[in-house]
Amino acid sequence: MHVLILGAGTAGTMAAAGLRHHLDDGDRITVVDVDDRHVYQPGQLLLPFGTYRESQLVRSRRAVLPRGVDLVTGEVDAVDAAASTVRLTDGTELGYDQLVIATGTSPRPDQTPGLLDGDHLARGVHEFYTLEGSIALREALARFDGGRLVVDIADTPVKCPVAPLEFTFLAESFLRQRGLRDRTDLTYVTPLDGAFTKPVAAAHLGSMLDDRKIHLEPDFLLEHVDADAGRIVSYDEREVGFDLLVVVPVNMGADFVARSGLGDELNHVRVDAHTLRSVDHGNVWAVGDAANLPTSKAGSVAHFSMPVLVTNVTDVIAGRAPSASFDGHANCFIESGDGKALLIDFNYDTEPLTGTYPLPVVGMPLLAESRLNHWGKLAFRHLYWNFLLPDRPLPISSRMSMLGKHAA
Amino acid sequence: MPVTTIAGRQVHVDAEGFLTEYDEWDESLAPVLAKAIGIELTDRHMEVVRFLRKDYLDQKETATTRRVQAVGGIPVKEQFTLFPAKPGKKMAYIAGLPKPKGCV
Ligand SMILES: Cc1cc2nc3c(=O)[nH]c(=O)nc-3n(C[C@H](O)[C@H](O)[C@H](O)COP(=O)(O)OP(=O)(O)OC[C@H]3O[C@@H](n4cnc5c(N)ncnc54)[C@H](O)[C@@H]3O)c2cc1C
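Please read these numbers as outputs of a predicted model, since none were measured by experiment.

It is not clear to me how the sheet that holds strand β17 (residues 239-241) of chain A should be interpreted in this structure. Could you clarify?
Pairing between the strands of a sheet comes from backbone hydrogen bonds, and it takes one of two forms, parallel or antiparallel. Residue and element names in this part refer to chain A. Spatially, β15-β16-β17 is the arrangement adopted by the three strands of the open sheet, whose pairing is antiparallel. Taken across any chain shown, the strands that pair with only one partner, and hence form the sheet edges, are β15 (222-226) and β17. Neighbouring strand axes in the sheet, compared pairwise and without regard to direction, differ in orientation by 20° on average. Summarising the sheet, strand β16 (residues 231-234) and β17 pair through three bridges and their orientation is antiparallel. Across the sheet, the residue bridging to Arg231 is Gly241, located in β17.

The following block contains the structure:
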């Protein structure tokens, strides 16, 4: 039995650890990724404000993968699902009995004219969805001395959909502390009709923008960036001018997903939302951001769905029908600036709830700002490297529990 | 779900007025729904509406503007001309489908 996992990021590493615990010692597990550099992406949000050093956010993939798993370095070129083989760009062919696609979703500035013109950094056009971009933005913020700061989501869905809002809150707090807030116009530009998708959270987060005198520009779908003139232009020809622009580019799954006929229009793998199994091929699965699940693309979702993936792959290997079902559980800490954060929690059927999580008395306040949530977010980096990736039990249940929550 | 009367017909709608039952819609409702949001339907509008209806049957969800471009072949820019300001929502409304989920 050979299980092949494509991608050794958050989900691929967790899947390797979970499957290694559950499969027989004789079963082989191979993981493929382009390099040996695992980046803790949530850190890219805080790095521009000086919270982290680069070295705290990067580890060797090999070092965080469990023993008994082979890592192959190479770029996936195509999956031949009919033949159950994967070809890498260097010509290597890998066979599999079960295939787990965990190649995530990536920022694609090439999808927006003018966003990536080679000289964009010099013209104040930035992003923080790559580590390199996040580092360059730290330099730009250090130099910023007031003007028009614009945060724009090019199109949805993007991974960690709350990250652009968090960035905005953190920037507001950062500028205030540096005495630059009065000299800065802050605008949050989104293709959505409000601050966030889920109505309860949108209303709450919208009023947080108001409180901070951050201008909201909704229903703005980015068509192109005119870096020379310092403005972004929407499909219906509205314009927003900037001195410093922070864009979240269009996010898309890996191109090989499309080439292999497994994806939707954003190259996300078409899977059953409850079993995580490909709707086209019985021995192909997708987990993490690579899957087209109707829930947030977030590390927390990869974590909450992992027991479902491991159980179902194990079931199918044993000749049984997949027995586990995913409920779409997602939760996100939302940094709101000034050392505080909120926590929101939802699934396929439930709107973000207010209350505390995971326990009514000692849990963290949901949809309310607190210092405890901020510390929760900082503690998360430690949990990530030491508990989440190696599939060690966390003191939190993965099924969404209604304990301590009440509808807003 | 509330029931309302459109073009003399009883249909189920959600709180924002989007039809909730796929089979309660037919093409005769499209111009009436369009008018309600200030749009005069042309053949090109109907091409978009027909694509959305067909795609919904396959996908069980309403196509996004990006999908209408990538799969339906109608450029996003033109969608904004046909259905000003909020094409995603307006197309779905006229086609009697739930509003597209967008990002979650
Ligand atoms: C700024 C930012 C802040 C975030 N904050 C949070 C947060 O607070 N909480 C949270 O839960 N989530 C957060 N996230 C999201 C989280 O990082 C992702 O959801 C998570 O990493 C998804 O894991 P994944 O394994 O699906 O994808 P990834 O971790 O991105 O891994 C995909 C892997 O596939 C590899 N790959 C891609 N294509 C190929 C190919 N062709 N061949 C070989 N290998 C390939 C890549 O190199 C990569 O290693 C944040 C993300 C960003 C960008």
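For this particular structure, what's the right way to read the nonpolar core?
Taken as a class, soluble globular proteins show a tendency for nonpolar side chains to be buried jointly. One finds Leu6, Ile101 and Phe167 of chain A to be the most contacted residues of the largest nonpolar core, which totals 108 residues. With nine residues, the top contributor of residues to this core is helix α8 (residues 299-317) of chain A. Ignoring anything within four residues of it in the chain, the contact list for Phe167 of chain A reads Leu45, Pro48, Phe49, Phe128, Leu137, Leu141, Val151 and Val246 of chain A. Within the second largest apolar cluster, 28 residues are counted, among which are Trp25, Met46, Ala63 and Tyr93 of chain B.

Explanation requested: the interface of chain B and chain A in the structure shown.
Many structure descriptions define interface size as the accessible area lost when the parts assemble. With 16 residues of chain B at the contact, the number on the chain A side is 20 residues. Buried area between chain B and chain A, summed over both chains or domains, comes out near 1700 Å², and the portion from carbon and sulfur atoms is 58%. Put simply, chain B and chain A have five salt bridges between them. We note a salt bridge from Glu265 of chain A to Arg67 of chain B, for which the minimum N-O separation is 2.6 Å. Our count for the contact surface shared by chain B and chain A stands at six residue pairs in polar contact (both at pLDDT 80 or more). The set of elements that each furnish at least two residues to the side of chain B that touches chain A consists of α3 (65-70) and α4 (76-82) of chain B. The element best represented in the side of chain B that touches chain A is α3 of chain B, accounting for four residues. The class makeup of the residues in the side of chain B that touches chain A is seven nonpolar, three polar and six charged.

Is there a simple way to explain the domain arrangement of chain A in this structure?
Residue and element names in this part refer to chain A. Looking at chain A, the domain boundaries give domain 1 (2-107 + 252-317), domain 2 (109-251) and domain 3 (330-406). If you look at the interface, domain 1 gives 29 residues, while domain 3 gives 19 residues. Of the roughly 2200 Å² buried between domain 1 and domain 3 on both sides combined, carbon and sulfur atoms contribute 65%. When residues of domain 1 are sorted by the area they lose upon contact with domain 3, Tyr40, Arg59 and Phe304 head the list and together hold 26% of the total. The tally of links from domain 1 across to domain 3 stands at zero salt bridges.

Explain the site of the ligand to me, please; I cannot follow it from the model alone.
Residue and element names in this part refer to chain A. Among the 29 residues in the neighbourhood of the ligand, the closest are listed as Thr10, Ala11, Asp33, Val76 and Asp289. Interatomic distance of 2.9 Å between a side-chain N/O atom of Arg61 and an oxygen atom of the ligand. Gly299 places a polar main-chain atom, nitrogen or oxygen, 3.0 Å from an oxygen atom of the ligand. Protein chains shield 91% of the accessible area of the ligand, which is 1000 Å² for the free molecule. Broken down by secondary-structure element, the contributors of at least two residues to the shell around the ligand are α1 (10-22) and α8. Here the shell around the ligand gets three residues from one element, more than from any other, and that element is α1. Residue composition of the shell around the ligand, grouped by class: eleven nonpolar, twelve polar and six charged.

Just to check I follow, could you spell out the packing of aromatic side chains for this structure?
Each pair of aromatic rings is reported with the distance of its centres and the angle of its planes. Residue and element names in this part refer to chain A. A full pass over the atoms with the stated rule returns twelve aromatic pairs over all chains. Aromatic pair Tyr40 and Tyr384: ring centres 4.8 Å apart, planes at 55°, arrangement tilted. Placement of the pair is Tyr40 in the loop between β3 (37-39) and α2 (43-46) and Tyr384 in helix α9 (residues 371-388), with a sequence separation of 344 residues. Tyr40 gets classed as buried once you look at its relative accessible area, which sits at 2%.

Is there a simple way to explain the pattern of salt bridges in this structure?
Close approach of charged atoms allows side chains of opposite charge to pair. According to the stated counting rule, one finds 34 salt bridges over all chains in the structure shown. Measuring nitrogen to oxygen at the nearest pair gives 2.7 Å for the salt bridge that ties Lys89 of chain B to Asp193 of chain A. Here Lys89 of chain B is found in helix α5 (residues 87-94), whereas its partner Asp193 of chain A is found in the loop between β13 (184-189) and α6 (199-211) on a different chain. A relative accessible area of 22% places Lys89 of chain B in the partly exposed class. A salt bridge links Glu16 of chain B to Lys89 of chain B; its shortest N-O distance comes to 3.7 Å. In this pair, Glu16 of chain B sits in the loop between β2 (9-12) and α1 (30-36) while Lys89 of chain B sits in helix α5, placing the two residues 73 residues apart along the sequence. Take Glu16 of chain B: its relative accessible area is 45%, and that puts it in the partly exposed class. Via salt bridges that share partners, Asp117, Asp119, Arg123 and Asp228 of chain A belong to a single interconnected network.

Here is what the cut-offs are and how they apply
- Residues numbered from 1 in each chain as written.
- Chains lettered and ligands numbered in written order.
- Predicted model: local features only at pLDDT ≥ 70, side-chain atom pairs only at ≥ 80, totals over all residues.
- Heavy atoms only, no water.
- Pairing = 2+ DSSP bridges.
- Helix = DSSP H or I, 4+ residues; strand = E, 2+ residues; numbered from the N terminus.
- Axes fitted to C-alpha atoms, helices over the stretch in contact; angles between N-to-C directions.
- Core = buried A, V, L, I, M, F, W, Y, C linked by side-chain atoms within 4.5 Å.
- Buried < 20%, exposed > 50% of the residue type's maximum accessible area, 1.4 Å probe, protein only.
- Contact = heavy atoms within 4.5 Å.
- Buried area = accessible area lost by both parts, 1.4 Å probe.
- Salt bridge = Lys/Arg side-chain N within 4 Å of Asp/Glu carboxyl O.
- Polar contact = N/O pair within 3.5 Å; in protein donor to acceptor, adjacent residues only side chain to side chain.
- Nonpolar A, V, L, I, M, F, W, Y, C, P; charged D, E, K, R; others polar.
- Domains from an automatic or database assignment.
- Near = heavy atom within 4 Å.
- Areas by Shrake-Rupley, 256 points an atom, 1.4 Å probe, with all protein chains shown as cover.
- Phe/Tyr/Trp six-rings, centres within 6.5 Å; stacked < 30°, edge-to-face > 60°.

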